[in-house]
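Single-letter residue listing:
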Amino acid sequence: MKSFIELRKIDVSEHIEKKNNLSYLSWAYAVDELLQADPAATWNYTFFDYDTGRVPYCRIGETCMVFCTVTAFGKAMTAQLPVMDHRNKAIQNPDAFSVNTAMQRCLAKAISLHGIGLYIYAGEDLPEQDKPDIEGIKNELRFALKELKSEIEVRNLYKQGIARMMAKENSEEKRWL
(Lines give C-alpha, C1' and ligand atoms only; values in the text may rest on other atoms or scores of the structure.)
Protein backbone atom coordinates (compact mmCIF):
# COMPACT_ATOMS: atom_id res chain seq x y z
CA MET A 1 0.00 0.00 0.00
CA LYS A 2 1.38 3.41 -0.97
CA SER A 3 1.54 6.25 1.51
CA PHE A 4 0.21 9.78 1.11
CA ILE A 5 3.81 10.97 0.69
CA GLU A 6 4.33 8.56 -2.22
CA LEU A 7 1.00 9.40 -3.87
CA ARG A 8 1.56 13.16 -3.74
CA LYS A 9 4.81 12.77 -5.69
CA ILE A 10 3.12 11.14 -8.70
CA ASP A 11 3.56 13.40 -11.73
CA VAL A 12 0.11 13.76 -13.30
CA SER A 13 1.01 16.76 -15.47
CA GLU A 14 0.40 14.89 -18.75
CA HIS A 15 -3.23 14.34 -17.72
CA ILE A 16 -4.06 17.87 -16.65
CA GLU A 17 -6.80 19.69 -18.52
CA LYS A 18 -6.69 23.49 -18.65
CA LYS A 19 -9.65 25.85 -18.86
CA ASN A 20 -9.50 29.59 -18.28
CA ASN A 21 -6.13 29.46 -16.52
CA LEU A 22 -7.29 26.75 -14.11
CA SER A 23 -5.98 23.20 -14.08
CA TYR A 24 -8.03 20.04 -13.69
CA LEU A 25 -6.89 16.46 -13.41
CA SER A 26 -8.75 14.11 -15.72
CA TRP A 27 -11.13 12.17 -13.48
CA ALA A 28 -10.51 8.97 -15.47
CA TYR A 29 -6.77 9.21 -14.89
CA ALA A 30 -7.28 10.02 -11.19
CA VAL A 31 -9.50 6.94 -10.78
CA ASP A 32 -6.97 4.78 -12.64
CA GLU A 33 -4.09 5.93 -10.42
CA LEU A 34 -6.20 5.52 -7.28
CA LEU A 35 -7.29 1.98 -8.10
CA GLN A 36 -3.74 0.97 -8.98
CA ALA A 37 -2.64 2.20 -5.55
CA ASP A 38 -5.67 0.81 -3.65
CA PRO A 39 -7.87 -1.64 -5.60
CA ALA A 40 -10.39 -1.61 -2.74
CA ALA A 41 -10.96 2.17 -2.97
CA THR A 42 -14.58 3.35 -3.29
CA TRP A 43 -16.39 6.63 -3.73
CA ASN A 44 -19.89 7.95 -3.35
CA TYR A 45 -21.75 11.19 -3.81
CA THR A 46 -23.90 12.83 -1.18
CA PHE A 47 -27.58 13.02 -2.10
CA PHE A 48 -30.02 15.54 -0.69
CA ASP A 49 -33.79 15.27 -0.26
CA TYR A 50 -36.00 18.08 -1.54
CA ASP A 51 -39.73 18.37 -2.20
CA THR A 52 -39.00 17.59 -5.85
CA GLY A 53 -37.02 14.44 -5.00
CA ARG A 54 -33.56 13.18 -4.12
CA VAL A 55 -30.68 14.87 -5.98
CA PRO A 56 -26.85 14.60 -5.95
CA TYR A 57 -26.32 18.25 -5.02
CA CYS A 58 -27.03 20.73 -2.28
CA ARG A 59 -28.91 23.83 -3.32
CA ILE A 60 -27.44 27.11 -2.22
CA GLY A 61 -29.87 29.76 -3.37
CA GLU A 62 -30.23 29.14 -7.10
CA THR A 63 -26.80 27.49 -7.38
CA CYS A 64 -25.66 24.01 -6.36
CA MET A 65 -22.74 22.27 -4.66
CA VAL A 66 -21.78 18.60 -5.11
CA PHE A 67 -20.00 16.45 -2.54
CA CYS A 68 -17.91 13.34 -3.15
CA THR A 69 -16.36 11.04 -0.55
CA VAL A 70 -13.49 8.78 -1.56
CA THR A 71 -12.48 5.98 0.78
CA ALA A 72 -8.97 4.68 0.16
CA PHE A 73 -6.37 3.11 2.40
CA GLY A 74 -9.05 2.84 5.09
CA LYS A 75 -9.64 6.59 5.23
CA ALA A 76 -12.64 8.57 3.92
CA MET A 77 -11.98 12.05 2.49
CA THR A 78 -14.77 14.37 1.28
CA ALA A 79 -14.46 17.18 -1.25
CA GLN A 80 -17.04 19.69 -2.43
CA LEU A 81 -17.33 21.64 -5.64
CA PRO A 82 -19.86 24.15 -6.98
CA VAL A 83 -21.60 23.36 -10.24
CA MET A 84 -19.83 25.81 -12.54
CA ASP A 85 -19.88 27.04 -16.11
CA HIS A 86 -16.91 27.28 -18.49
CA ARG A 87 -15.79 30.49 -16.74
CA ASN A 88 -15.76 28.71 -13.36
CA LYS A 89 -18.74 30.70 -12.12
CA ALA A 90 -21.54 28.98 -10.22
CA ILE A 91 -24.47 28.15 -12.50
CA GLN A 92 -27.99 29.12 -11.51
CA ASN A 93 -30.41 26.20 -11.91
CA PRO A 94 -27.85 23.88 -13.61
CA ASP A 95 -28.83 21.14 -16.04
CA ALA A 96 -27.93 17.45 -15.68
CA PHE A 97 -24.81 17.75 -17.85
CA SER A 98 -23.39 20.52 -15.67
CA VAL A 99 -24.16 18.56 -12.49
CA ASN A 100 -22.47 15.45 -13.94
CA THR A 101 -19.39 17.45 -14.94
CA ALA A 102 -19.15 18.90 -11.42
CA MET A 103 -19.53 15.42 -9.91
CA GLN A 104 -16.65 14.02 -11.96
CA ARG A 105 -14.41 17.00 -11.18
CA CYS A 106 -15.32 16.64 -7.52
CA LEU A 107 -14.35 12.97 -7.68
CA ALA A 108 -10.88 13.93 -8.99
CA LYS A 109 -10.63 16.55 -6.25
CA ALA A 110 -11.60 14.02 -3.54
CA ILE A 111 -9.01 11.59 -4.90
CA SER A 112 -6.41 14.36 -4.65
CA LEU A 113 -7.10 14.55 -0.91
CA HIS A 114 -5.37 11.17 -0.75
CA GLY A 115 -2.33 12.68 -2.52
CA ILE A 116 -2.76 12.02 -6.26
CA GLY A 117 -2.61 15.41 -8.00
CA LEU A 118 -3.04 17.40 -4.78
CA TYR A 119 -0.44 19.92 -5.92
CA ILE A 120 -2.80 21.05 -8.70
CA TYR A 121 -5.23 22.47 -6.13
CA ALA A 122 -2.38 24.32 -4.44
CA GLY A 123 -1.82 26.24 -7.67
CA GLU A 124 1.35 24.36 -8.49
CA ASP A 125 2.11 22.80 -11.84
CA LEU A 126 4.52 20.09 -10.73
CA PRO A 127 4.81 17.76 -7.76
CA GLU A 128 7.39 18.67 -5.14
CA GLN A 129 10.08 16.32 -6.45
CA ASP A 130 10.13 17.94 -9.92
CA LYS A 131 10.35 21.60 -8.96
CA PRO A 132 13.57 23.35 -9.96
CA ASP A 133 15.92 23.75 -6.98
CA ILE A 134 16.21 27.54 -7.22
CA GLU A 135 17.47 27.85 -3.64
CA GLY A 136 20.19 25.29 -4.36
CA ILE A 137 21.31 27.27 -7.39
CA LYS A 138 21.35 30.49 -5.33
CA ASN A 139 23.46 28.82 -2.62
CA GLU A 140 25.94 27.55 -5.23
CA LEU A 141 26.23 31.10 -6.59
CA ARG A 142 26.78 32.58 -3.12
CA PHE A 143 29.56 30.08 -2.45
CA ALA A 144 31.16 30.72 -5.84
CA LEU A 145 31.02 34.51 -5.32
CA LYS A 146 33.40 34.22 -2.38
CA GLU A 147 36.03 32.71 -4.70
CA LEU A 148 35.83 35.35 -7.42
CA LYS A 149 38.51 37.98 -7.83
CA SER A 150 37.11 40.49 -10.33
CA GLU A 151 33.86 42.25 -11.20
CA ILE A 152 33.83 40.56 -14.61
CA GLU A 153 33.95 37.11 -12.97
CA VAL A 154 31.00 38.15 -10.72
CA ARG A 155 28.97 39.31 -13.72
CA ASN A 156 29.69 36.12 -15.67
CA LEU A 157 28.75 33.92 -12.71
CA TYR A 158 25.54 35.90 -12.24
CA LYS A 159 24.63 35.46 -15.93
CA GLN A 160 25.34 31.72 -15.71
CA GLY A 161 23.10 31.39 -12.65
CA ILE A 162 20.24 33.28 -14.29
CA ALA A 163 20.62 31.16 -17.43
CA ARG A 164 20.45 27.94 -15.37
CA MET A 165 17.31 29.08 -13.56
CA MET A 166 15.64 30.18 -16.81
CA ALA A 167 16.57 26.91 -18.53
CA LYS A 168 14.91 24.91 -15.75
CA GLU A 169 11.79 27.07 -15.81
CA ASN A 170 11.60 26.98 -19.63
CA SER A 171 12.00 23.21 -19.73
CA GLU A 172 8.96 22.92 -17.45
CA GLU A 173 6.97 25.37 -19.60
CA LYS A 174 7.79 23.39 -22.76
CA ARG A 175 6.22 20.34 -21.15
CA TRP A 176 2.83 22.06 -21.62
CA LEU A 177 3.30 22.85 -25.31
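For the structure itself, look to the data block above.
Below is a short write-up of the structure. (Residues numbered from 1 in each chain as written. Predicted model: local features only at pLDDT ≥ 70, side-chain atom pairs only at ≥ 80, totals over all residues. Heavy atoms only, no water.)

Regarding the pairing of strand β7 (residues 63–72)
Here's step 1: The element β7 is largely enclosed, with a buried count of eight among its 10 residues.
Here's step 2: Inspection of the sheet shows strand β3 (residues 42–45) paired to β7 by four bridges, in the antiparallel sense. Across the sheet, the residue bridging to Tyr45 is Cys68, located in β7.
Here's step 3: Alignment of strand β6 (residues 58–60) against β7, held across three bridges, turns out to be antiparallel. If you follow Ile60 over to β7, its bridge partner there is Thr63.
Here's step 4: Taking the residues between adjacent antiparallel strands as the criterion, β6 and β7 are bridged by two residues, where Gly61 takes a positive phi near 65°. (Buried < 20%, exposed > 50% of the residue type's maximum accessible area, 1.4 Å probe, protein only. Helix = DSSP H or I, 4+ residues; strand = E, 2+ residues; numbered from the N terminus. Pairing = 2+ DSSP bridges.)

Structural notes on helix α2 (residues 27–37)
Here's step 1: Taken as a whole, α2 has its buried residues at Tyr29, Ala30, Val31, Glu33, Leu34 and Ala37.
Here's step 2: In this structure, the buried residues of α2 make contact with α1 (4–7), β2 (22–25), β3, β7 and α3 (96–112). (Contact = heavy atoms within 4.5 Å.)

Details of unusual backbone geometry
Here's step 1: The phi dihedral of Phe73 falls on the positive side, at around 55°, and the residue is not glycine.
Here's step 2: One non-glycine residue, Asn93, lies in positive phi territory at about 45°.

So, the packing of α2 against α3
Here's step 1: Where α2 meets α3, the axes come as close as 9 Å, and the angle between the chain directions of the two elements is 35°. Taken as a pair, α2 and α3 cross one another with a handedness that is left-handed. Residues Trp27, Ala30, Val31 and Leu34 of α2 touch α3, and the partners they reach there are Gln104, Leu107, Ala108 and Ile111.
Here's step 2: For the contact of α2 with α3, a count of residues per class yields seven nonpolar, one polar and no charged. (Axes fitted to C-alpha atoms, helices over the stretch in contact; angles between N-to-C directions. Left-handed = near helix turned anticlockwise from the far one by under 90°. Nonpolar A, V, L, I, M, F, W, Y, C, P; charged D, E, K, R; others polar.)

Re the side chain of Ser112
Here's step 1: Within the secondary structure layout, Ser112 lies in helix α3.
Here's step 2: Excluding residues that lie within four positions of it along the chain, Ser112 makes contacts with Gly117, Leu118 and Tyr121.

Thoughts on empty space enclosed by the protein
Here's step 1: Applying the stated rule across the entire model yields one cavity of 30 Å³ or more.
Here's step 2: Looking at the largest cavity, the residues that line it are Leu81, Pro82, Met84, Ser98, Thr101, Ala102 and Arg105.
Here's step 3: For the lining of the largest cavity, the element with the highest residue contribution is α3, accounting for four residues. (1 Å grid on protein atoms, 1.4 Å probe; cavity = no way out; pocket = protein on both sides within 12 Å on 5 of 7 lines; lining within 4 Å. Points joined across faces, edges and corners; volume = space filled by probe spheres on them.)

Remarks on a nonpolar patch on the surface
Here's step 1: Taken together, Tyr158, Ile162 and Met166 make up a surface patch of nonpolar side chains, about 300 Å² in accessible area.
Here's step 2: Relative to the assigned elements, Ile162 resides in helix α6 (residues 151–174). (Patch = residues over 30% accessible without salt bridge, like charges linked within 9 Å, V, L, I, M, F, W, Y side chains within 5 Å. Areas by Shrake-Rupley, 256 points an atom, 1.4 Å probe, with all protein chains shown as cover. Salt bridge = Lys/Arg side-chain N within 4 Å of Asp/Glu carboxyl O.)

As for α3
Here's step 1: Given a rise of 1.5 Å per residue, 17 residues ought to cover 24 Å, and the 24 Å separating the end C-alpha atoms of α3 matches this to within 8%.
Here's step 2: Most of α3 sits inside the fold, with 12 of its 17 residues counted as buried.
Here's step 3: Every buried residue belonging to α3 is among Ser98, Val99, Ala102, Met103, Gln104, Arg105, Cys106, Leu107, Ala108, Ala110, Ile111 and Ser112, and all of these are buried. (Expected span 1.5 Å × (residues − 1).)

Looking at the nonpolar core
Here's step 1: Residues Val12, Val66, Ile111 and Ile116 are the most contacted members of the largest nonpolar core, which totals 35 residues.
Here's step 2: Elements with a contribution of two residues or more to this core: α2, β7, β8 (75–82), α3 and α4 (118–121).
Here's step 3: Here the element with the most residues in this core is α3; it accounts for eight residues.
Here's step 4: When near neighbours in sequence (up to four residues on either side) are disregarded, Ile116 contacts Leu7, Ile10, Val12, Leu25, Glu33, Leu34 and Ile111. (Core = buried A, V, L, I, M, F, W, Y, C linked by side-chain atoms within 4.5 Å.)

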